[in-house]
Amino acid sequence: MRVWRGDADGGDLTDYTVEVSEGEVVLDALHRLQATQTGDLAIRWNCKAGKCGSCSAEINGRPRLMCMTRLSDFDPAETITVTPMRTFPVIRDLVTDVSFNYEKARELPYAELGPRDADGKRRMMQVDVERGQEFRKCIECYLCQDVCHVVRDHEDNKQHFAGPRFFIRYAELDMHPLDTHDRRQLAQDAAGLGMCNITKCCTEVCPEGIHITDNGIIPMKERVVDRKYDPLVWLGNKIGLRNKDNDGRTEV
């Protein structure tokens, strides 16, 4: 194995030879390294079941979860190289500072539900429930954020670009039939939705199989464009046929 060792001041790849057993994953091999050769190796992990999103790293150049990457996926003669996520600052070894994502999460308005029905309940169609369910599968591993070249290759974009993980959150809330907050302008201006050029690299690395681009980002782009550029929508807004009040509810 070849593992990146270092901290914020710099580092380099270090070669190791480690015994492994059939059925093990990359995280198992790194744990054995910790136990037998390099006890100070820093790794972030928690569940080891592909559900906490903690053990994100780049394995042979591809962003993956270490606990879900089987050693049998590689040729026995192949050197397995493990490096930290490149998009985020290194803290130590394979551990990166992902606080950028928490800052972006705080910028996103929470759900604002309208009044309940007369019987005190809220109702929505089952198809609307299922539509947003896919986005709630996100385990916040931030692999999609790591592979997104808009922030990966352009550090200056981070201030104005939320990234794919949060675009699907914007989409989920905007598609919610009971939510009254209109996030389309915010998604375009503050979150930088227009900077995404839908290369689908985020979808390719998602361990939960979420169709980030097709089901989240593209529909959100369409909603923003409809509001901003569609002449019929523009005319409707002007004459008040499709105008939203301060609560985000549509007046017809």
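Going by what an unreviewed UniProt entry lists, the chain is known as Succinate dehydrogenase/fumarate reductase iron-sulfur subunit and is assigned to Nocardioides ganghwensis. Listed in UniProt under the heading Sequence similarities (unreviewed entry), the comment for the chain reads: "Belongs to the succinate dehydrogenase/fumarate reductase iron-sulfur protein family." What the UniProt record of the chain gives under Pathway (unreviewed entry) is the line "Carbohydrate metabolism; tricarboxylic acid cycle."

1. Here we look at unusual backbone geometry
Here the phi dihedral of Lys-48 falls at roughly 55 degrees; this positive angle occurs in a residue that is not glycine. Counting through the fold element by element, Lys-48 comes out in the loop between α1 (26-36) and β3 (56-59). At Tyr-142, a residue that is not glycine, the phi angle is positive and equals roughly 65 degrees. As for its position among the elements, Tyr-142 is in the loop between α3 (126-133) and α4 (143-147).

2. Details of the nonpolar core
Within the largest apolar cluster, 60 residues are counted, with the highest numbers of intra-cluster contacts made by Met-1, Val-26, Leu-30, Met-66 and Val-82. Looking at this core, the elements with two or more residues in it are α1, β3, α4, α5 (149-152), α6 (164-175), α8 (201-205) and α9 (212-229). Tallying contributions element by element places α6 first for this core, with seven residues. Both domain 1 (2-96) and domain 2 (98-239) contribute no fewer than three residues apiece to this core. Those residues in contact with Val-26 that lie beyond four places of it in its chain are Met-1, Ile-59, Met-66, Thr-69, Leu-71, Phe-74, Ile-80 and Val-82.

Calculation criteria
Residues numbered from 1 in each chain as written. Predicted model: local features only at pLDDT ≥ 70, side-chain atom pairs only at ≥ 80, totals over all residues. Heavy atoms only, no water. UniProt positions renumbered as here; feature names shortened; annotations may be inferred. Helix = DSSP H or I, 4+ residues; strand = E, 2+ residues; numbered from the N terminus. Core = buried A, V, L, I, M, F, W, Y, C linked by side-chain atoms within 4.5 Å. Buried < 20%, exposed > 50% of the residue type's maximum accessible area, 1.4 Å probe, protein only. Domains from an automatic or database assignment. Contact = heavy atoms within 4.5 Å.

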